[in-house]
Amino acid sequence: MTTILSALALLVVMALAGRLFARRARLVYRLVRMGKPAGRTGDLARRARNEAVVVLGQRKLFQRLVPGLVHALIFWGFVVLFPTILMAFLGAIDRDLTIPWLGHQGWFFGLVDLFCVLVAIGVLSAFLIRKVQRPARFEGSHLGEADLILGLIALIVTTLVGWHASRIALGIAEWPEAWSPVSNAVASLMEPGDWLEVRERIFVWWHVLTILVFLAYLPHSKHLHIATAGLNVWFGRTRARGRLEPLDFELEDESAVRFGSGTLADMTWKQMLDTVSCTECGRCQDVCPAWATGKALSPKLLIMGLRDRLLAEGPAVLAGAEPSPLVPGAVTDEVVWDCVTCGACVHECPVSIEHVDQIVDLRRHLVMVESRFPAESATMLRDVDRASNPWGKAQAERASWADGLPVRVLEPGDPAPDLLYWVGCAASYDERARATAQATARLLVEAGLDVAILGPREGCTGDPARRMGDEYTFQAQARQNVETLGDAQVTKIVTSCPHCFNTLGSEYPDFGGDYEVVHHTELLAELVREGKLEPVAGEGTITYHDSCYLARHNDVLAAPRELIGRIGRPLEMARSGKRTFCCGAGGAHMWMEERGSAINEERAREATATGASTLAVACPFCTLMLDDGVKQTGSDLRVADIAVLLAEALPESGRA
Ligand code: SF4
Ligand code: SF4
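Now for a look at the structure at hand. (Residues numbered from 1 in each chain as written. Chains lettered and ligands numbered in written order. Predicted model: local features only at pLDDT ≥ 70, side-chain atom pairs only at ≥ 80, totals over all residues. Heavy atoms only, no water.)

For the rest of this paragraph, the subject is the overall build of the protein. The helix and strand tally for the protein stands at 27 helices and nine strands. Based on the C-alpha atoms only, the size of the protein along its principal axes is roughly 100 × 60 × 45 Å. A total of 656 residues make up the protein; the buried ones form 57% of that total. Contacts in the protein between residues at least 24 apart in sequence constitute 78% of all its contacts with a sequence separation of at least 6. Summed over its atoms, the accessible surface of the protein is roughly 26800 Å², and 59% of this surface lies on carbon and sulfur atoms. (Helix = DSSP H or I, 4+ residues; strand = E, 2+ residues; numbered from the N terminus. Buried < 20%, exposed > 50% of the residue type's maximum accessible area, 1.4 Å probe, protein only. Contact = heavy atoms within 4.5 Å. Areas by Shrake-Rupley, 256 points an atom, 1.4 Å probe, with all protein chains shown as cover.)

Next up on the list: the site of ligand 2. Around ligand 2 lies a shell of 13 residues, among which C278, C281, C284, C349 and H355 are the nearest. Residue composition of the shell around ligand 2, by class: seven nonpolar, three polar and three charged. (Near = heavy atom within 4 Å. Nonpolar A, V, L, I, M, F, W, Y, C, P; charged D, E, K, R; others polar.)

A few words now on the environment of S261. Among the secondary structure elements, S261 is positioned in the loop between α8 (225-234) and α9 (269-277). It is 38 Å that separates the C-alpha atoms of S261 and V123, two residues lying 138 residues apart in sequence. Not counting the four nearest positions on each side in its chain, S261 is found in contact with D266, M267, Q271, L326, D361, L362 and H365. A polar atom in the side chain of S261 sits 3.4 Å from the side chain of R258. (Polar contact = N/O pair within 3.5 Å; in protein donor to acceptor, adjacent residues only side chain to side chain.)

Moving on to the nonpolar core. Looking at soluble globular proteins, one finds that nonpolar side chains tend to be buried together. By size, the foremost hydrophobic cluster in this structure holds 131 residues, and its most contacted members are W401, L485, L524 and L533. The greatest single-element share of this core, amounting to seven residues, is contributed by helix α27 (residues 642-649). Leave out the neighbours within four places in its chain, and W401 touches Y421, V423, A427, S428, R434, A437, Q438, A441 and I453. Listed in part, the 47 residues of the second largest apolar core include A92, C116, V123 and A216. (Core = buried A, V, L, I, M, F, W, Y, C linked by side-chain atoms within 4.5 Å.)

Moving on: the pairing of strand β6 (residues 541-544). Sheet faces and side chains relate simply in a regular strand, where the side chains alternate between the two faces. The two faces of β6 match: T541 and T543 on one face and I542 and Y544 on the other face are all buried. As defined by bridge partners, β6 adjoins strand β7 (residues 569-571) across three bridges and the pair is classed as parallel. Along β7, the bridge assignment pairs T541 with R569. Sheet topology note: the β6/strand β8 (residues 614-617) ladder contains three bridges and is parallel. The residue bridging T543 from the neighbouring strand is L615, located in β8. (Pairing = 2+ DSSP bridges.)

As a further point, take the site of ligand 1. Near ligand 1, the surroundings consist of 13 residues, among which C288, C339, C342, G343 and C345 are the closest. Where the shell around ligand 1 is concerned, the elements lending two or more residues are α14 (344-348) and α15 (355-369).

What follows concerns the sheet that holds β7. Pairing within the open sheet is parallel, and its four strands lie in the order β7-β6-β8-β9. Because the sheet does not close on itself, it has two edges, and the strands there are β7 and β9 (638-641). On average, each strand axis in the sheet is inclined to that of its neighbour by 35°, with strand direction left out of account. Pairing geometry for β8 and β9, over four bridges, is parallel. Paired with T614 across the bridge in β9 is R638. Along the sheet, helix α26 (residues 620-632) contacts β8 and β9; its crossing angle with β8, the most-contacted strand, is approximately 160°. (Axes fitted to C-alpha atoms, helices over the stretch in contact; angles between N-to-C directions.)

The next point concerns the side chain of R40. Structurally, R40 can be placed in the loop between α1 (2-33) and α2 (44-56). A residue is classified by how much of its surface remains accessible, and R40, at 10% relative accessible area, is buried. There is a polar contact of 2.9 Å between the side chain of R40 and the backbone oxygen of F235. Apart from the residues within four sequence positions on either side, R40 is in contact with R47, F235, G236, R237, W269, K270 and E354.

In this description, a pair of aromatic rings is defined by centroid distance and the angle of the planes. Counted by the stated rule, this structure contains 17 aromatic pairs. Between the aromatic rings of W101 and W107, the centroid separation amounts to 6.2 Å while the plane-to-plane angle is 55°, which identifies the pairing as tilted. The exposure class assigned to W101 is exposed, which follows from its relative accessible area of 56%. On the basis of an interplanar angle of 5° and a centroid distance of 3.8 Å, the ring pair of F109 and W175 is categorised as stacked. Residue F109 is located in helix α4 (residues 106-133), and its partner W175 is located in the loop between α5 (143-170) and α6 (181-188); the two are separated by 66 residues in the primary sequence. Of the two residues, F109 and W175, neither departs from the other in class, the shared state being buried. Each residue in the set W101, W107, F108, F109 and W175 is aromatic and connected to the rest through ring pairs, giving one cluster. The cationic tip of R575 hangs over the ring face of F581; the distance from NZ or CZ to the ring centre is 3.9 Å. (Phe/Tyr/Trp six-rings, centres within 6.5 Å; stacked < 30°, edge-to-face > 60°. Lys NZ or Arg CZ within 6 Å of the ring centre and 35° of its normal.)

In structure tokens, the structure reads:
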């Protein structure tokens, strides 16, 4: 009789909690499903690997050891403790019911004891981090909700230990009690007598009800990510990180063409899933150069703003209402334009949210539909479109940096080159950046390579226009360049500019351009390794600035360091490698006024703090930005491209 009543009572509370969970979960599912197609179905092996490494292995969280460990303890604890939920539900119906086999295994209850303690330590540490350490990254997060969730988790593990202890005290534990030292110790504190039976019932029901409250509350809180984050990681990017998803303007169904995100109705389902997967951990905000320098953009608040809009307006949109603009509304114009597309947020995010794609899609709508963008960048967009370079200079002058150098300018009909040097607009036209092109060409000739350039036929890759949101202009540039490269039968390209490197290597394949693309630091390192260039090491100290589009977006980390190790004494900056800090030029910011304090000055101060005498760079935009930053901050650091430093380190007699 008692068993039937208990089963009925359990069914009622489960139905109640299940209904609350299912109603909200169904709404979230319908909201995500309303998104536009995102094409995230292929690459199953890569997705499975990401799931294993990022979700199960918690790899991204371990980028910060202490908070990573805290989260991992709680997460792994829940994985191990999962079967105990079913055991508790069965036990609540009848204390003699349990899962066959596993419910009698001492080693399993030993693990449960261990992980209850570890989860409790994790929860306590999380509380201490929030209440005592108070990291700035939590600014703007829903901390009250997080406290409630942590409290519920603590209650789940303590009632579980209490339940196991009361079973040991009653002598009805299904496993040898020696396996559970913690539950056993708690049991020894329980006095014998009739209350033990009541206590066992209280603990199991308290435990079960806490789990059900947790379940019902979960989808209504920011901890919705517990249900969505694994999916978001599964559907995350599997292609090159620096690649933006192209817009298809030539769809047969014109109404299906996307022009970025103007309202909820334009967002893809992956972008919607992103927003409901945010844990509000603030890791993205912590590394964002825009936020660090007092600008309006916080990638965390951007995603939260889009999520709030989705949850507030989404149900009405599902019912047929007109969606309202995302900018301004969910986010402000300043937020959209502050981004330098450095990707630090994406690299840091533990649940694979794609902030850059969201921001560029917001820009695309503003630029292509509303013609709304910072006035100062209008000239750049026009010049890329009309002059094929963002400086608006004559194409005829493109190769003038090479005057007097043994560099072959490819004419139509010339034989295909083994290697094409793609110079890029900055190194072609800017006086300070030209030194990089000249040094690179000299070094390649010195190493015996036949250096060919396209000269006036090389056009801007379209990168600044694309990062601004002008996908039309970008695609026009891409198609023209792919045609030119195809006519010249180019198969291998070396480039000095990480933006060109990223666009040619990761984005042009979407437009039919498939080439082997190497960065000049990679090729030069290879030539030094092969003994074709023999630099003489100096005594000078050199700190190296990783360009975002080289290190973070494209994993080129070792080659520049290998070269610096051959020509001087390296000193690392506090933020380096994939966790580098932007120079401030990315995302077309080279052509925008900067609000707040200057990103390049912050980076220049960091470089100066190493005590190095030279700041080495591997990007013409970084050269210009950091050279300015160094001057503005009054530092006496010398800023120079690695190619320039390498050329200077060659014995005088050997130079070309
Ligand atoms: S890409 Fe860089 S600047 Fe843009 S939001 Fe992310 S961290 Fe901030
Ligand atoms: S976007 Fe990612 S890193 Fe940023 S707060 Fe959300 S979960 Fe954390």
